[in-house]
Amino acid sequence: MSEPTGKPSVDEQTSAAQAPEGQQQGAQTQGETEQAVQQEAPQDEVSVLKAALENAHHEVEKSKEVYLRLAADMENLRRRTQDDVAKAHKYAIESFAESLVPVRDSLEMALAVENQTPEALKDGVAATLRQLEAAFERGKVVVLNPVGEKFDPNRHQAVAMVPGSSVEPAVAPNHVVMVLQKGYLINDRVLRPALVSVAQ
């Protein structure tokens with residue numbers, strides 16, 4: 001039996017040398033695994049970002065198509081509206097003019113008749129006047145004949161002031177005594193004011 005010398009034996013030295021090498025191999029394997037995981041993680045993140053970018057491009061393209069279609073529709077609507085407004089200005093009186101044509105026809109026929117009696121001429125003029133009144137009604141032209149009404153400077157034009165007691169029945173001050181020329185409205189807008197005399 002040998003006494004302990006305080007130095008490690010050959011077997012102890014061998015096992016001591018082998019133990020750190022195993023531990024070193026384990027450490028290396030673990031480090032490689034972590035490095036591989038770290039490399040895979042960025043690749044996954046890049047794939048996700050690429051997919052998100054591609055989706056964003058698709059959405060942008062869709063939005064661009066929608067915008068272009070809407071812009072084209074708005075431009076077409078603007079042009080159609082411009083055309084409608086131009087036609088409305090150009091042909092605004094077409095309906096009214098159409099209703100006046102028979103009035104002209106009646107007047108021409110009345111002048112074409114030879115040796116008319118005064119009664120026949122009067123009847124023809126009355127019939128023509130009725131045609132004209134019907135045309136005015138269709139064209140929303142309203143006659144202003146404001147006798148006895150309060151004077152309205154927006155619809156009436158005063159040409160004389162007379163005492164209200166000078167007419168029968170008496171007229172209150174600032175009221176229309178007499179209409180010298182009828183006025184006309186078209187759709188509640190003054191076409192021509194009535195010429196009137198007003199009570200003082």
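See above for the structure.
The rules behind each value
- Residues numbered from 1 in each chain as written.
- Predicted model: local features only at pLDDT ≥ 70, side-chain atom pairs only at ≥ 80, totals over all residues.
- Heavy atoms only, no water.
- Helix = DSSP H or I, 4+ residues; strand = E, 2+ residues; numbered from the N terminus.
- Contact = heavy atoms within 4.5 Å.
- Salt bridge = Lys/Arg side-chain N within 4 Å of Asp/Glu carboxyl O.
- Buried < 20%, exposed > 50% of the residue type's maximum accessible area, 1.4 Å probe, protein only.
- Expected span 1.5 Å × (residues − 1).
- Arc of directions from axis to C-beta.

## So, the side chain of Ser106
Then comes step 1: Turning to its location among the elements, Ser106 is positioned in helix α2 (residues 94–112).
Then comes step 2: If near-sequence neighbours (up to four positions away) are discounted, Ser106 is found in contact with Thr128 and Gln131.

## What about the pattern of salt bridges?
Then comes step 1: Applying the stated criterion to the full structure yields 3 salt bridges.
Then comes step 2: Glu75 is paired through a salt bridge with Arg78; the nearest N and O atoms lie 2.6 Å apart. Highlighted residues: Glu75 and Arg78, both in helix α1 (residues 10–90), separated by 3 residues, approximately one helical turn.
Then comes step 3: Overall, Glu75 belongs to the partly exposed group, its relative accessible area being 28%.
Then comes step 4: Look at Arg78 and you get partly exposed, because its relative accessible area is 40%.
Then comes step 5: The residue Glu75 makes a salt bridge to Arg79 at a minimum N-O spacing of 3.2 Å. Residue Glu75 and its partner Arg79 are located together in helix α1, separated by 4 residues, close to a single helical turn.

## A short note on helix α3 (residues 118–138)
Then comes step 1: A rise of 1.5 Å per residue sets the reference length of α3, with its 21 residues, at 30 Å; its end C-alpha atoms lie 30 Å apart and thus fit the reference within 8%.
Then comes step 2: Buried residues of α3: Thr128, Ala135 and Phe136, and no others. The arc that holds every buried residue of α3, seen down its axis, measures 100 degrees, which confines them to one face. Turned more than 90 degrees away from the buried face of α3 sit Glu119, Lys122, Asp123, Arg130, Glu137 and Arg138, all of them exposed.
Then comes step 3: Those residues of α3 that are buried are in contact with α2, β1 (141–144) and β4 (183–186).

Keep in mind these values describe shape, not function.
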